[in-house]
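Notes for the structure review
Each chain, letter by letter, is given below.
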Amino acid sequence: MALLEVKDLKVRVEEREILHGLTLTVNEGEIHAIMGPNGSGKSTLSHVIAGKPGYEVTDGQILFMGEDLLEMAPEERAAKGVFLAFQYPVEIPGVTTMNFLRTALNAQRKARGETELMVPDFLKKVREVSKSLNIPQDMLKRGVNVGFSGGEKKRNEVLQMALFEPSLCILDEMDSGLDIDALRIAADGVNALHSPKRAMVVITHYQRLLNYIVPDFVHVMSKGRVVKSGAKDLALELEESGYAQYEDA
Amino acid sequence: MPAVQETVERVKRIDVDQYRYGFETLIESDKAPKGLSEETVKFISEKKNEPAWMLQWRLEAYRRWLTMTEPTWARVDYPKIDFQDLYYYAAPKPKKTVSSLDEIDPEILKTYEKLGIPLREVAMLEGVEPKPGEEDPARRKIAVDAVFDSVSVATTFKAELKKAGVIFMPISEAIREHPELVQKYLGSVVPTSDNFYATLNSAVFSDGSFVYVPPGVRCPMELSTYFRINERNTGQFERTLIIADKGSYVSYLEGCTAPQRDENQLHAAVVELVAHDDAEIKYSTVQNWYPGNSEGKGGIYNFVTKRGDCRGDRSKISWTQVETGSAITWKYPSCILRGDNSSGEFYSIAISNGFQQVDSGTKMIHLGKNTSSRIISKGIAAGKSQNTYRGLVTAHRKATGARNFTACDSLLIGDKCGAHTVPYIEAKNSSATFEHEATTSKISEDVLFYCIQRGLSQEEAVGLVVNGFVKDVLQQLPMEFAVEAQKLISISLEGSVG
Ligand SMILES: Nc1ncnc2c1ncn2[C@@H]1O[C@H](COP(=O)(O)OP(=O)(O)OP(=O)(O)O)[C@@H](O)[C@H]1O
Ligand SMILES: [Mg+2]
């Protein structure tokens, strides 16, 4: 079943069109990789899906589980299972990671009409997940991402993903800033979440990540469009030849 | 259930209505004639059965006040107050004097219930026996001296405090029962001639709390007073006097709410603290008065004089305040560091939204040797509000080794509000070390969106980010107040972002 359908999407930022008619379909259980040169609009796409203000959709549509995603408030999208692991996770001083996780999780549960998770259950779950991601407990007592290294910030994104159990995970350059070991740990974390009901969209510049998270499809984005789609091998091809052949597409 | 836990439970139940404390209690009241004159002052004094010296004191203040003019230096703007158009005294009409809570007007009790004050809590009244090995729960208890309008109607915990030798009672009672203490200390920190509003208060103060902690005594519980303004057009003039004798310790909590109404209400309280050698006073406030409606109409005018005198060596006074309400706030809790090695602290969260105007800060006056002070101020401005931090740090010629650290951070939400920092620093000797840091930032859209992407609504996101911003100050509050304060902070920022 189609989880995400982006149809002929046109998006403007400050009067400038960034996405010029982008189409992409992601089915349940699939892993999609999006690659493409800097500035091609990968993050823009992820922001529009997540509902970040400041983007004007001038044409096209986005369906999520058959529903009009663009009609939903961003927090509603989150509660329905859209998760974006940010390329640049922000810092929130004075708000401990633990408090943030609990507040966010309960907000999502409340929006879905579920009860709050009991504190012991919550703690148990956080402990399990953070352990598997090699995140020390005292990091959770610090302000959200405050003073975290680049790699720690990215792992914190995966931690949240694991905790919230979204149905659509968009990972925007989760591999940037990660050393080899951290990359493997984070990728393992992502793979552990792979399920027949859950889909992943992995944005990356490097084929290396795709050795760990093996995609079903690879899409090449250039200048605000998907210009080529293929299987896993496409990533290897790109690594060889670069994006030059798609620049004029 | 232990009292503290119950307080927390109740506070948790505070639902997030716009201004949920906007209700009015229907009680007949006993009013002074409108306007201010020697007759009004005499009426108040008579109502309180005051001794002659007290009336004399009030009259002197009144005559002094007649010669004074309203200060205009603060960054606040409001229509001129007609002091002859106000009532200066209102008391709930007691059916008879009360000796137990059961005899109190059920209307009043209901009001407290709505406010979440556990006045009727049996455990509180009877005291909870500690289980062996457990921390003495008395340490965590809160005594409530409830000020309803201008008269204190109920005082709990009296017996236990008495056992410790702590005097905690309405100041009107203290005037009659402990005249020697009141005469010695009243006006000794904030003299009757101090400033326009303090002088006015001295003439017409209605009631307030009196605390005396004897030498070496650690007050066995947090003392707290809940103020409530409930009488249309009645100026409120609370007077609080707290004395910590040598080597004693006391923590005092003050929290305020007021019913929603259309007319402006004047509040001009005076709080005086005296700490003798090695004594410590911690004074915490959560202020949530009606800030006015969405057009900026109504709301409380809050002109307060709060001052602590670190009179003894090694004494310490710490002010913590969370200011969320009032249409206008004019308030500078200060410390006079008179004793050698004494220290003063000021931790403040001042939130303004809508059309609120806040001009608040502190004064640290270093007089003794090796005195130190610390100022942490967090100002949050939203809506069309103006938020000013005004601080003064001075070191006297003889105050060698004086140290101050000041950090003032302002957070702006939206672009129609303003934050201003006005620090005055004056060192009259070269050995003083004063440090000052100030930042102003706008709440980050990226941070808000990050929170929203994780499922929080815009308002929840703002609440969370702001609570993070003020964390250093929240941590200074007693736990049961911190919970309440957190909620208030979120409530008071509702509608601050479009
Ligand atoms: N707020 C904005 N204002 C103006 N231009 C913007 C804004 N956001 C994005 N853009 C522009 O849109 C284009 C696409 O940016 P986007 O961040 O989506 O690229 P990307 O594919 O994620 O690049 P990278 O690989 O470097 O992360 C860029 O040219 C960028 O400058
Ligand atoms: Mg990008």
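Residues numbered from 1 in each chain as written. Chains lettered and ligands numbered in written order. Predicted model: local features only at pLDDT ≥ 70, side-chain atom pairs only at ≥ 80, totals over all residues. Heavy atoms only, no water.

1. Focus: the overall build of chain B
For chain B, the helix and strand inventory stands at 13 helices and 23 strands. A separation of at least 24 residues holds for 84% of the contacts in chain B among residues at least 6 apart in sequence. In the form shown here, chain B has an accessible surface area of approximately 19,000 Å², with 48% of it arising from carbon and sulfur atoms. (Helix = DSSP H or I, 4+ residues; strand = E, 2+ residues; numbered from the N terminus. Contact = heavy atoms within 4.5 Å. Areas by Shrake-Rupley, 256 points an atom, 1.4 Å probe, with all protein chains shown as cover.)

2. A look at the packing of aromatic side chains
To describe a pair of aromatic rings, one takes the distance between the centres and the angle between the planes. Considering all chains together, one arrives at 21 aromatic pairs over all chains under this definition. Seen from their ring centres, Phe-100 of chain A and Tyr-450 of chain B are 5.8 Å apart, and the 25° between their planes marks the pair as stacked. Within this pair, whereas Phe-100 of chain A is found in helix 3 (residues 97-111), its partner Tyr-450 of chain B is found in helix 10 (residues 445-453), the two belonging to separate chains. With respect to class, Phe-100 of chain A is no different from Tyr-450 of chain B; both count as buried. (Phe/Tyr/Trp six-rings, centres within 6.5 Å; stacked < 30°, edge-to-face > 60°. Buried < 20%, exposed > 50% of the residue type's maximum accessible area, 1.4 Å probe, protein only.)

3. Examining the packing of helix 3 (residues 52-66) of chain B against helix 9 (residues 196-204) of chain B
All names here are of chain B. Viewed as axis vectors pointing N to C, helix 3 and helix 9 meet at an angle of 145°, and their least axial separation amounts to 7 Å. Note that helix 3 runs across helix 9; the crossing there is left-handed. Here Trp-57, Arg-58, Ala-61, Tyr-62, Arg-64 and Trp-65 of helix 3 lie close against helix 9, whose contacting residues are Phe-196, Thr-199, Leu-200, Ser-202, Ala-203 and Val-204. Looking at side-chain class alone, the contact of helix 3 with helix 9 contains eight nonpolar, two polar and two charged residues. (Axes fitted to C-alpha atoms, helices over the stretch in contact; angles between N-to-C directions. Left-handed = near helix turned anticlockwise from the far one by under 90°. Nonpolar A, V, L, I, M, F, W, Y, C, P; charged D, E, K, R; others polar.)

4. Overview of the sheet that holds strand 9 (residues 168-172) of chain A
All names here are of chain A. Spatially, 6-9-10-3-11-12 is the arrangement adopted by the six strands of the open sheet, whose pairing is mixed. Each edge of the open sheet carries a strand with a single partner, namely strand 6 (82-85) and strand 12 (225-230). The mean inter-strand angle of the sheet, taken between neighbouring strand axes irrespective of direction, is 20°. Bridge analysis of strand 6 against strand 9 gives four bridges, and the strand direction is parallel. When the bridges of strand 9 are listed, Ala-85 appears paired with Leu-171. (Pairing = 2+ DSSP bridges.)

5. As for the coordination of the magnesium ion (ligand 2)
Residues and elements named next belong to chain A. Within the protein, the atoms that donate to the magnesium ion (ligand 2) are Ser-43 (OG) and Gln-87 (OE1), at distances of 2.0 to 2.3 Å. Taken together, the residues Ser-43 in helix 1 (residues 42-50) and Gln-87 in the loop between strand 6 and strand 7 (92-96) connect sequence positions 44 residues apart. Residue Gln-87 is classed as buried on the basis of its relative accessible area, which comes to 15%. (Donors = N, O, S within 2.8 Å, 3.2 Å for Na, K, Ca; no water.)

6. Observations regarding the environment of Lys-7 of chain A
Secondary-structure assignment places Lys-7 of chain A in strand 1 (residues 2-13). Once residues lying within four places of it in the same chain are set aside, the contact partners of Lys-7 of chain A are Leu-22, Thr-23, Gly-60, Gln-61 and Leu-63 of chain A.

7. Some points on the UniProt feature "domain: SUF system FeS cluster assembly SufBD N-terminal" (unreviewed entry) in chain B
Here, the residues flagged by UniProt with the feature "domain: SUF system FeS cluster assembly SufBD N-terminal" (unreviewed entry) are residues 162-218 of chain B. The distance from the first to the last C-alpha atom of residues 162-218 of chain B is 13 Å, and the span holds 46% helix and 16% strand. (UniProt positions renumbered as here; feature names shortened; annotations may be inferred.)

8. Topic: the pattern of salt bridges
Inspection of the entire model under this criterion finds 27 salt bridges over all chains. Taking the shortest distance from any N to any O, the salt bridge between Glu-50 of chain B and Arg-58 of chain B comes out at 2.8 Å. The class of Glu-50 of chain B is buried, set by a relative accessible area of 13%. Overall, Arg-58 of chain B belongs to the buried group, its relative accessible area being 0%. The closest approach of N and O atoms between Arg-390 of chain B and Asp-359 of chain B, which form a salt bridge, is 2.7 Å. Taken together, the residues span a long stretch of sequence, with Arg-390 of chain B in strand 20 (residues 386-395) and Asp-359 of chain B in strand 18 (residues 357-366) at a distance of 31 residues. With respect to class, Arg-390 of chain B is no different from Asp-359 of chain B; both count as buried. Several salt bridges converge on common partners, so that one network encompasses Glu-67, Glu-76 and Lys-80 of chain A. (Salt bridge = Lys/Arg side-chain N within 4 Å of Asp/Glu carboxyl O.)

9. Overview of the nonpolar core
Core analysis: the largest hydrophobic core is formed by 106 residues, its most contacted members being Ile-92 of chain A together with Ile-380 of chain B. The greatest single-element share of this core, amounting to seven residues, is contributed by helix 6 (residues 180-193) of chain A. Not counting chain neighbours up to four residues away, the residues in contact with Ile-92 of chain A comprise Phe-100, Gly-143, Val-144 and Val-146 of chain A together with Val-447, Tyr-450, Cys-451 and Val-465 of chain B. (Core = buried A, V, L, I, M, F, W, Y, C linked by side-chain atoms within 4.5 Å.)

10. Side note on the interface of chain B and chain A
Contacts between chain B and chain A engage 18 residues on the former and 31 residues on the latter. For the pair chain B and chain A, the two sides together bury roughly 1,900 Å², of which 69% comes from carbon and sulfur. Per-residue buried area on chain B facing chain A is highest for Phe-449, Tyr-450 and Arg-454 of chain B; these three make up 39% of the total on that side. Between chain B and chain A we count two salt bridges in total. The salt bridge partner of Glu-157 of chain A is Arg-454 of chain B, with a shortest N-O separation of 3.1 Å. Between chain B and chain A we count nine residue pairs in polar contact (both at pLDDT 80 or more) in total. (Buried area = accessible area lost by both parts, 1.4 Å probe. Polar contact = N/O pair within 3.5 Å; in protein donor to acceptor, adjacent residues only side chain to side chain.)

11. Considering helix 1 of chain A
All names here are of chain A. Of all nine residues making up helix 1, nine are buried, and the element is well covered by its neighbours. Among all positions of helix 1, only Lys-42, Ser-43, Thr-44, Leu-45, Ser-46, His-47, Val-48, Ile-49 and Ala-50 are buried. Once helix 1 finishes, Gly-51 follows within two positions and takes phi at roughly 95°, a positive value.

12. Points about the sheet that holds strand 1 of chain A
Residues and elements named next belong to chain A. Reading across from one edge, 2-1-4-5 is the order of the four strands in this open sheet, with antiparallel pairing throughout. Of all the strands in the sheet, just strand 2 (16-27) and strand 5 (67-68) have a single pairing partner and so form its edges. Together, strand 1, strand 2 and strand 4 (56-64) form the strand contacts of helix 1, whose direction differs from that of strand 1 by roughly 110°.

13. Notes on the site of ligand 1
Residue and element names in this part refer to chain A. Not every one of the 15 residues close to ligand 1 is listed here, only the nearest: Gly-39, Lys-42, Ser-43, Thr-44 and His-205. Contact distances for ligand 1 include 3.0 Å between an oxygen atom and a backbone N or O atom of Gly-41. Interatomic distance of 3.3 Å between a side-chain N/O atom of Glu-173 and an oxygen atom of ligand 1. Sorting the residues of the shell around ligand 1 by element identifies strand 2 and helix 1 as the ones contributing at least two each. The greatest single-element share of the shell around ligand 1, amounting to three residues, is contributed by helix 1. Of the residues contributing to the shell around ligand 1, the split by class is three nonpolar, eight polar and four charged. (Near = heavy atom within 4 Å.)

14. Considerations on the pairing of strand 13 (residues 300-310) of chain B
Residue and element names in this part refer to chain B. Across the 11 residues of strand 13, 11 count as buried, placing the element largely inside the fold. Of the two faces of strand 13, both are covered, the one formed by Ile-300, Asn-302, Val-304, Lys-306, Gly-308 and Cys-310 as well as the one formed by Tyr-301, Phe-303, Thr-305, Arg-307 and Asp-309. Across three bridges, the pairing between strand 10 (residues 265-267) and strand 13 is parallel. Counted as the bridge partner of Leu-266 is Tyr-301 from strand 13. Direction of pairing for strand 11 (residues 270-275) relative to strand 13: parallel, over a ladder of six bridges. Pairing of Val-270 across the sheet is with Thr-305, part of strand 13.

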